[in-house]
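What follows is the residue order along each chain.
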Amino acid sequence: MSGLRALAASALLGLALWQGLVWVTGLPRFILPGPARVAETLWQSRALLAEHALVTMAEVLIGLGLGTVLGALSAIGLAASARARRLVGPLLVFSQAVPVFALAPLLTLWFGYGLGSKVAMALIIIFFPVTASFLDALMRPHRDWQGLARVMGGSPARILWHIRIPAALPGLATGLRLAAVYAPIGAVIGEWVGASRGLGYLMLLANGRAKTDLMFAALIVLAVFTVLLHAAVNRATRPLLARD
Amino acid sequence: MSAAPALEVTGRAEIAGRTLFEDLSLQVPAGRWTCLLGPSGIGKSTLLRLLAGLAGPVTFTGRCGAADGTPLQGRVALMAQDDLLLPWLDVAGNATLGARLRGRRADPARLDHVLAQVGLADLATRRPAELSGGQRQRAALARTLMEDRAVVLLDEPFSALDARSRARMQELTADSLQGRTVLLVTHDPAEAARLGHRIVVMTERGLHDLAPPPGPVPRPAGDAATLRLQAELLEILRRDAPTARAAG
C-alpha cells in the first residue's frame, strides 16, 4: 500500500513539474500543452488512442514472445556447443554494433508496412539482451554440481537440461525484464519508419498537424503500457528469481 | 549393486607445477570404511576427486582406481561437505537426480524405502531451503543411497553439522553404507577414530597407517580404546605439522 502511495506522490510531483514548466515558460499549447489539456485530449480521443494502442500492443507482445523464444533457444544452443560459441559469439556482438534504427527502413522494405516489420523490429531489439543474459547465466560454472552430475553418469546434454538450464533461469528472467522495456521502443521505431497504424504512427501524424496534445496523449499511453508490461513481466518472472 | 572393489592410489600429483603429493601409496580395502585423516590443504580431497574421476586441474601420474582393474566409472557415488542439493527440486527430486541424469525413471518403491531409512519420509516434498542443516545432509545421503554404488567417496560430509546432528549422521551413514567400499576424508580425529575400519593419516611426512581397535563401526564415542586412538591420531597430526618441526 505504501508503494502505491509513493507511486501516486511521484506521479503528482511529475504533473506539478510539468504544469510549472508550462507556467514559467509561457509556451503556446501547440509547443508545450499542459497536463489538463493533455488529459482532456486523452479522454476525448480515447477511441482513437485505444485503436492505435491495440496495434502497438500486439506488435510488442508478439515481438516479445518470439524474441524470448528465439533468444532462449539461441542461448541454450550456444551453451551446449563451444564451437557454436566461437563461431556465432563474435557475430552476435557485431550485430549489436549495427544501430537498430538504421535497420528499420530495411525491415519495412522486407516485411512491409504492416505488423511484420514492427514485430521484427521488437524481436531484434530484445534478442540480444535475452540471449546474452541467459547465456551468461548458463555459462556460470557450478563446478560442484556438474562434478556430482558427472559422477552420477550424466551426459552433457542431460546435465544441461537438468542442472544448467534450471540454474540459469534467473538470468533469463533478468533478460526478460530488460526485454519488456526494450520491445515497445522497437515497435515504435518501426512505426515511425513506415506504418499506417499504431501509437508511433499516431504521434508522427499528430506532430505533423501541430496536435501536440494528442502526441503527448499517445506518448503517455505508450509509457503507461510499457510500465504495466514491465510490472507484469516482473511479477511473472518472480518465481524464477526466488529459486535459491 | 555390484561387488565392492578395493581401491588403490599410487603415484604423484601436481597442480600448476606445484607438487601436491609424491610417492603416495594408498590402499583402500574392499567393503570397509577407510578414513583418510589429515590437515587442510594436504591433498586429501584431491585424492578423493581423482578416484571420482574429477581430476580438474590436477596432473596425476600413477595408478588410481579399483584394484580389480575395471574402471570405477559408474561404480562410485560422491557425497561432500556441501550437500549440493538443487534448490529448485524437493527432497524426492534431489534424491532421484541421478536416475534422471541417466535418462531413467527412479524406482518409487526404492525411493520410499531410502527416504524412510534416512528419516525424511514426511519431508519428501520439501525444498532444501525449508530444511535444517542436518536434514539437508540426510537428503544428500538419500541421494547417495539411491545411486546404490559399490564405492562411496565421502568428502567431510559431516563437518558442517553441529555435534548432535553429526553424531546421528555418522551412525546413520555407517549403518546405511555397510558392505560398500567407503573412503571418508576428514580432518576430525574423533570422527576417524569412530568410523574407520582402517585409518590412514595423511601429513606432510606421508601416510601413516593405523589399526583401530577391533569391533563394528561406529564405535561408541566414549569407549576408552576409541578415545585413546583419537588422542593418538591428534598426536600424529601435531607431530608432523611443519611449525612443530621448526619449533621442536
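For clarity, every value in this text was computed on a predicted model and none was experimentally measured.

Enquirer: So what exactly am I meant to see when it comes to the overall build of chain A here?
Expert: Helix and strand counts for chain A come out as ten helices and zero strands. The order of α-helices and β-strands along chain A, N terminus first, is α-α-α-α-α-α-α-α-α-α. If one aligns the C-alpha atoms of chain A with their principal axes, the spans along those axes are about 75 × 50 × 30 Å. The 244 residues of chain A split such that 37% are buried. Put simply, of all contacts in chain A between residues at least 6 apart along the chain, 80% involve residues at least 24 apart.

Enquirer: What is the right way to look at the sheet that holds strand E2 (residues 18-28) of chain B in this model?
Expert: In a beta sheet, neighbouring strands are held together by backbone hydrogen bonds and run either parallel or antiparallel to one another. Residues and elements named next belong to chain B. An order of E2-E1-E4 is seen for the three strands of this open sheet, with the pairing classed as antiparallel. The open sheet is flanked by E2 and strand E4 (58-66), the only strands paired with a single partner. For this sheet, the mean inter-axis angle between neighbouring strands, taken without regard to orientation, is 5°.

Enquirer: What is the right way to look at the domain arrangement of chain B in this model?
Expert: Interface size is commonly expressed as the accessible surface area that is lost when the partners come together. Residues and elements named next belong to chain B. Along its sequence, chain B is organised into domain 1 (7-75 + 150-247) and domain 2 (86-148). The distance between the C-alpha centroids of domain 1 and domain 2 comes to 26 Å. Tallying the contact residues gives nine residues for domain 1 and nine residues for domain 2. Sorting elements by how many residues they give to the side of domain 1 that touches domain 2 places helix H6 (residues 163-176) first, with five residues.

Enquirer: For this particular structure, what's the right way to read the pairing of E2(B)?
Expert: All names here are of chain B. For strand E1 (residues 7-15) and E2, the ladder comprises eight bridges, and the chain directions are antiparallel. Bridge pairing in E2 places Gly11 opposite Leu24. Between E1 and E2, which pair antiparallel in sequence order, lie two residues; one of them, Ala16, sits at a positive phi of approximately 50°.

Enquirer: Can you walk me through the UniProt feature "domain: ABC transporter" (unreviewed entry) in chain B in this structure?
Expert: Residues annotated in UniProt with the feature "domain: ABC transporter" (unreviewed entry) correspond here to residues 4-229 of chain B. Counted over residues 4-229 of chain B, helix gives 31% and strand 27%. Its end C-alpha atoms are 27 Å apart.

Enquirer: Sorry, what's going on with the sheet that holds strand E6 (residues 151-155) of chain B here?
Expert: Residue and element names in this part refer to chain B. Strand order in the open sheet formed by six strands is E5-E6-E7-E3-E8-E9, with mixed pairing between adjacent strands. The outermost strands of the open sheet, each flanked by one partner alone, are strand E5 (76-80) and strand E9 (206-210). Along the sheet, successive strands turn relative to each other by an average axial angle of 15°, direction set aside. When strand E8 (residues 198-203) meets E9, the two strands line up antiparallel, connected through five bridges. Paired with Val201 across the strands is His208, a residue of E9. Across the face of the sheet, helix H8 (residues 224-239) comes into contact with strand E3 (33-37), E8 and E9 while running at roughly 20° to E8.

Enquirer: Can you walk me through the packing of helix H8 (residues 156-193) of chain A against helix H10 (residues 212-241) of chain A in this structure?
Expert: Each packed pair of helices is defined by two parameters, the angle between the axes and the distance between the axes. Residues and elements named next belong to chain A. For the pair H8 and H10, the least separation of the axes is 9 Å and the interaxial angle reads 165°. Regarding the angle of H8 to H10, the classification is roughly antiparallel. When the axes of H8 and H10 are compared, the crossing they make is right-handed. Contacts between H8 and H10 pair Leu169, Pro170, Leu172, Ala173, Leu176, Arg177, Ala180, Val181, Pro184 and Val188 from the former with Leu222, Phe225, Thr226, Leu229, His230, Val233, Asn234, Thr237, Leu240 and Leu241 from the latter. Among the residues making up the contact of H8 with H10, the classes are represented as 15 nonpolar, four polar and one charged.

Enquirer: Can you help me understand the UniProt feature "transmembrane region" (unreviewed entry) in chain A in this one?
Expert: Residues and elements named next belong to chain A. In the numbering adopted here, UniProt assigns the feature "transmembrane region" (unreviewed entry) to residues 53-79, 91-113, 119-138, 159-176 and 214-233. End C-alpha to end C-alpha, residues 159-176 measures 24 Å, and it is 100% helix and 0% strand. Taken as a whole, residues 214-233 contains 100% helix and 0% strand, while its terminal C-alpha atoms sit 28 Å from one another.

Enquirer: Before we go on, may I ask you to explain the nonpolar core in this structure?
Expert: Note on soluble globular proteins: their nonpolar side chains tend to be buried together. Among the nonpolar cores identified, the biggest contains 124 residues, and Ala218(A), Leu51(B) and Leu183(B) are the most heavily contacted of them. Sort the elements by how many residues they give to this core and helix H6 (residues 115-138) of chain A lands first, with 16 residues. When residues of this core are sorted by domain, at least three fall in each of domain 1 (7-75 + 150-247) and domain 2 (86-148) of chain B. Leu183(B) has contacts with Leu7(B), Val28(B), Thr34(B), Leu36(B), Leu48(B), Leu51(B), Leu153(B) and Leu154(B), leaving out every residue within four places of it along the chain.

Enquirer: Hey, could you run me through the confidence of the model for chain A in this one?
Expert: Parts of the prediction with low pLDDT should not have their coordinates interpreted in detail. Summing up the model confidence of chain A, the mean pLDDT is 91 and the portion of residues at 70 or higher is 98%. Mean pLDDT in chain A bottoms out at helix H5 (residues 100-111) of chain A, which sits at 88, and peaks at helix H3 (residues 46-80) of chain A, which reaches 95.

Enquirer: Can you help me understand H6(B) in this one?
Expert: Each full turn of the α-helix corresponds to 3.6 residues, which orients residues three or four apart in the same direction. Residue and element names in this part refer to chain B. Between its first and last C-alpha, H6 extends 20 Å over 14 residues, near the 20 Å set by a 1.5 Å rise per residue. Of all the residues in H6, the buried ones are Arg166, Met169, Gln170 and Thr173. Projected down its long axis, H6 shows its buried positions confined to an angular sector of 105°, all on one face. Exposed residues lying more than 90 degrees from the buried face of H6 are Arg164 and Asp175.

Enquirer: What should I look at first to understand the interface of chain A and chain B in this one?
Expert: On the side of chain B, 20 residues touch chain A, which itself brings 17 residues to the contact. The set of elements that each furnish at least two residues to the side of chain A that touches chain B consists of helix H7 (143-151) and H8 of chain A. Among the elements that line the side of chain A that touches chain B, the one with the most residues is H7(A), at seven residues. Residue composition of the side of chain A that touches chain B, by class: eight nonpolar, four polar and five charged.

Enquirer: Quick question: what am I supposed to make of H6(A) here?
Expert: Residue and element names in this part refer to chain A. Here H6 contains 24 residues, and its C-alpha end-to-end distance of 33 Å stays within 8% of the 34 Å for a straight helix at 1.5 Å per residue. In H6, a bend of some 35° at Ile126 exceeds every other bend along the element, and Pro129, a proline, comes one to four places later. Most of H6 is tucked away: 21 of the 24 residues are buried.

Enquirer: Got a minute to help me understand the confidence of the model for chain B in this structure?
Expert: All names here are of chain B. Looking at chain B, pLDDT values average 89 and 97% of them are 70 or higher. Looking across chain B, the model is least confident in helix H9 (residues 242-247), with a mean pLDDT of 56, and most confident in helix H2 (residues 91-95), with 96. Taken together, the stretch residues 244-248 has pLDDT below 50 and engages in two contacts with residues farther than four places along the chain or on a different chain. Both scores are available for the predicted complex, with the pTM at 0.84 and the ipTM at 0.88.

Rules of the game
- Residues numbered from 1 in each chain as written.
- Chains lettered and ligands numbered in written order.
- Predicted model: local features only at pLDDT ≥ 70, side-chain atom pairs only at ≥ 80, totals over all residues.
- Helix = DSSP H or I, 4+ residues; strand = E, 2+ residues; numbered from the N terminus.
- Buried ≥ 20, exposed ≤ 12 C-beta atoms within 10 Å, placed from the backbone.
- Contact = placed C-beta atoms within 7 Å.
- Pairing = 2+ DSSP bridges.
- Axes fitted to C-alpha atoms, helices over the stretch in contact; angles between N-to-C directions.
- Domains from an automatic or database assignment.
- UniProt positions renumbered as here; feature names shortened; annotations may be inferred.
- Parallel < 35°, antiparallel > 145°, perpendicular 65-115°, else oblique.
- Left-handed = near helix turned anticlockwise from the far one by under 90°.
- Nonpolar A, V, L, I, M, F, W, Y, C, P; charged D, E, K, R; others polar.
- Core = buried A, V, L, I, M, F, W, Y, C linked by C-beta atoms within 7 Å.
- pLDDT = per-residue confidence, 0-100.
- Expected span 1.5 Å × (residues − 1).
- Arc of directions from axis to C-beta.
- Bend = angle between axes of the 7 residues up to and from the residue.

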